[in-house]
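Structural description and commentary
The chain contents come next:
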2 protein chains.
Amino acid sequence: MTQELFARYSFLLDRTARKVKQYAQQQFKTGEFDVTVDQWLVLKNLSENELLSQTELAGLVFKDNPTLTRIIDLLCKKGYVDRVPHPQDRRSFQLHLTESGLAKVNELRPKILEIREKAWENLNERDFDEFKRILNTIYQNLDGQVIET
Amino acid sequence: MTQELFARYSFLLDRTARKVKQYAQQQFKTGEFDVTVDQWLVLKNLSENELLSQTELAGLVFKDNPTLTRIIDLLCKKGYVDRVPHPQDRRSFQLHLTESGLAKVNELRPKILEIREKAWENLNERDFDEFKRILNTIYQNLDGQVIET
DNA sequence: TGCATATATTTGTCACACTAACTATTGGTA
DNA sequence: TACCAATAGTTAGTGTGACAAATATATGCA
């Protein structure tokens, strides 16, 4: 196999992932969304799953614990999330979206879907399926674990 | 279009890009390569293009100038790169790979190609072409500029 | 010549990723 | 019961990424 050529995937992948994040973040900023792209991901998952612990949430969004700790810190400071002590396990918290956090999610959700669409101009549903398949295969190749879509 | 579904691409893309970088970095570490993944990218490009300015190099690797400044700082500290004052333009440097830097590139290149291969298990050349095409389309959609492969 | 504007690089700030080390707590088990 | 391994979360250190602002130098043009 054309090793040199294939090795470029890592460069293209990294470059595109950064562009996608940067584009979204820019839109977030001009729209004064008051959250970052990663903070949004966390908020969104919290709105779909109440009472998660930080570790559970970290698993959902595929971030490590230290990263999640800091994102939650910021979201608490902004008043979108509360850390509620777990009733049985004093090591752990149940994450709770505040009213303000829920309002934020509902406000942003449609706007963000619109932002996300821009990437798919000139691409169709088959491209999307292919893309998803390849991304997930790469992920699995390097992770050695089974993942769901 | 199934907006919600399509919007997942950003998550999958980000997750996979991080996994790819993390996997490589881990291999770099156990192999005691003495550089990070991004530092490697910079070294590699320097080995293929002598006498670049920082801005030119930044364009090649798609990093912004401040980021590149810091990466070059580290590579200088490690003795792999020198900043040579530009003979005509006193604002600018010509980046020069030291002997040690060149040796490092030659030492690492084959090892890194091997590491990069792992991602492509169960995938073929057509997948690679598709992947490249989609990544580049997304990039262009969000960038508005023409890019070469 | 003399100034306005553009360019190359650096610095500062905030956010995120990954690792390692650390605290507090839990739960099983000898 | 006393211990010990596992778990939840945090802190610290380093590297990277984006953006804005600062500095130094170049260049074009009146």
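Residues numbered from 1 in each chain as written. Chains lettered and ligands numbered in written order. Predicted model: local features only at pLDDT ≥ 70, side-chain atom pairs only at ≥ 80, totals over all residues. Heavy atoms only, no water.

Let's shift gears to the environment of E4 of chain A. Turning to its location among the elements, E4 of chain A is positioned in helix α1 (residues 3-6). Placed 51 residues apart in sequence, E4 of chain A and T55 of chain A show a C-alpha to C-alpha distance of 39 Å. (Helix = DSSP H or I, 4+ residues; strand = E, 2+ residues; numbered from the N terminus.)

Let's shift gears to the nonpolar core. Grouped together as the largest cluster of nonpolar side chains are 86 residues, with contacts concentrated most on W120 and F131 of chain A together with W120 and F131 of chain B. With near-sequence residues (within four places) excluded, W120 of chain A lies in contact with D127, F128 and F131 of chain A together with F6, Y9, I134, I138 and N141 of chain B. (Core = buried A, V, L, I, M, F, W, Y, C linked by side-chain atoms within 4.5 Å. Buried < 20%, exposed > 50% of the residue type's maximum accessible area, 1.4 Å probe, protein only. Contact = heavy atoms within 4.5 Å.)

Taken residue by residue, the interface counts 55 residues in chain B and 55 residues in chain A. Each partner contributes to the roughly 5900 Å² buried at the junction of chain B and chain A, and carbon and sulfur atoms together form 66% of this total. For chain B, the biggest contributors to the area lost against chain A are Y9, R15 and L142 of chain B; these three give 11% of the whole. Salt-bridge contacts for K19 of chain B lead to D143 of chain A; the nearest nitrogen and oxygen are separated by 2.7 Å. In this structure, the connection of chain B to chain A is made through 20 residue pairs in polar contact (both at pLDDT 80 or more). If you tally residues by element for the side of chain B that touches chain A, the top one is helix α7 (residues 125-143) of chain B, at 16 residues. Considering only residue class, the side of chain B that touches chain A consists of 27 nonpolar, 8 polar and 20 charged. (Buried area = accessible area lost by both parts, 1.4 Å probe. Salt bridge = Lys/Arg side-chain N within 4 Å of Asp/Glu carboxyl O. Polar contact = N/O pair within 3.5 Å; in protein donor to acceptor, adjacent residues only side chain to side chain. Nonpolar A, V, L, I, M, F, W, Y, C, P; charged D, E, K, R; others polar.)

The subject of this paragraph is the packing of helix α3 (residues 37-48) of chain A against helix α6 (residues 99-117) of chain A. Residue and element names in this part refer to chain A. For the pair α3 and α6, interaxial distance at closest approach is 11 Å and the crossing angle is 120 degrees. Relative to α6, the element α3 lies oblique. For the element pair α3 and α6, the recorded crossing hand is left-handed. Contacts between α3 and α6 involve V37, W40, L43, K44, S47 and E48 on the former and, on the latter, K104, V105, L108, R109, I112 and R116. In terms of residue class, the contact of α3 with α6 is made up of 6 nonpolar, 1 polar and 5 charged. (Axes fitted to C-alpha atoms, helices over the stretch in contact; angles between N-to-C directions. Parallel < 35°, antiparallel > 145°, perpendicular 65-115°, else oblique. Left-handed = near helix turned anticlockwise from the far one by under 90°.)

This part covers the relation of the copies chain B and chain A. The relation between the two copies of this chain is a rotation about an axis and a shift parallel to it. Take chain B, turn it by 180 degrees, move it 0.0 Å along the axis, and it overlays chain A with an RMSD of 0.1 Å. Read as a symmetry element, the transformation amounts to a two-fold axis. The overlap is high: 100% of the interface residues of chain B also sit at the interface in chain A, so the same surface is used on both sides. (Least-squares fit on C-alpha atoms with pLDDT ≥ 70 in both.)

Attention now goes to the packing of aromatic side chains. Tallying each qualifying case throughout the model produces 13 aromatic pairs over all chains. Centre to centre, the rings of W120 of chain A and F131 of chain A are 5.9 Å apart; their planes meet at 70 degrees, and the pair counts as edge-to-face. Taken together, the residues W120 of chain A in the loop between α6 and α7 (125-143) and F131 of chain A in helix α7 connect sequence positions 11 residues apart. Residue classification places W120 of chain A among the buried residues on the basis of a relative accessible area of 4%. Its relative accessible area of 1% is what places F131 of chain A among the buried residues. Taking 5.4 Å as the distance between ring centres and 85 degrees as the angle between the ring planes, the aromatic pair formed by W120 of chain A and Y9 of chain B counts as edge-to-face. Pair noted here: W120 of chain A is in the loop between α6 and α7 and Y9 of chain B is in helix α2 (residues 8-30), and the two residues belong to different chains. (Phe/Tyr/Trp six-rings, centres within 6.5 Å; stacked < 30°, edge-to-face > 60°.)

Looking now at the protein's contact with DNA strand C. What surrounds DNA strand C is a group of 28 residues, the closest being T36 and T67 of chain A together with T55, R70 and R91 of chain B. In DNA strand C, atoms within 4 Å of the protein come 63% from sugar and phosphate. A distance of 2.5 Å separates a phosphate oxygen of DNA strand C from a polar side-chain atom of T36 of chain A. In the environment of DNA strand C, a phosphate oxygen lies 2.8 Å from a nitrogen or oxygen atom belonging to the side chain of K63 of chain A. (Near = heavy atom within 4 Å.)

Attention shifts here to the protein's contact with DNA strand D. As a structural note, the neighbourhood of DNA strand D is formed by 29 residues, with Q54, T55, T69 and R91 of chain A together with T36 of chain B the closest of them. Counting only the atoms of DNA strand D that lie within 4 Å of the protein, the sugar and phosphate share comes to 73%. In this structure, T69 of chain A approaches DNA strand D through a side-chain N or O atom, which is 2.7 Å from a phosphate oxygen. One of the side-chain N or O atoms of T36 of chain B is found 2.3 Å from a phosphate oxygen in DNA strand D. Of the residues forming the surface near DNA strand D, the biggest block, 5 residues, is contributed by helix α5 (residues 65-77) of chain B. Across the surface near DNA strand D, the residue classes break down as 5 nonpolar, 11 polar and 13 charged.

What follows is about the pattern of salt bridges. This structure, assessed with the given rule, holds 28 salt bridges over all chains. Here D73 of chain A ties to R83 of chain A by a salt bridge, and the two come within 2.9 Å at their closest N and O atoms. Placement of D73 of chain A in helix α5 (residues 65-77) and of R83 of chain A in strand β1 (residues 81-85) is noted, with a sequence separation of 10 residues between them. What makes D73 of chain A partly exposed here is its relative accessible area of 34%. Of the charged contacts in the structure, one is a salt bridge between K118 of chain B and E121 of chain B, with a shortest N-O distance of 3.2 Å. Looking at K118 of chain B, the relative accessible area reads 29%, which means it is partly exposed. Judged by relative accessible area, which is 38%, E121 of chain B ranks as partly exposed. In this structure, a network of salt bridges that share partners links the residues D14 and R18 of chain A together with K21, D38 and K63 of chain B.

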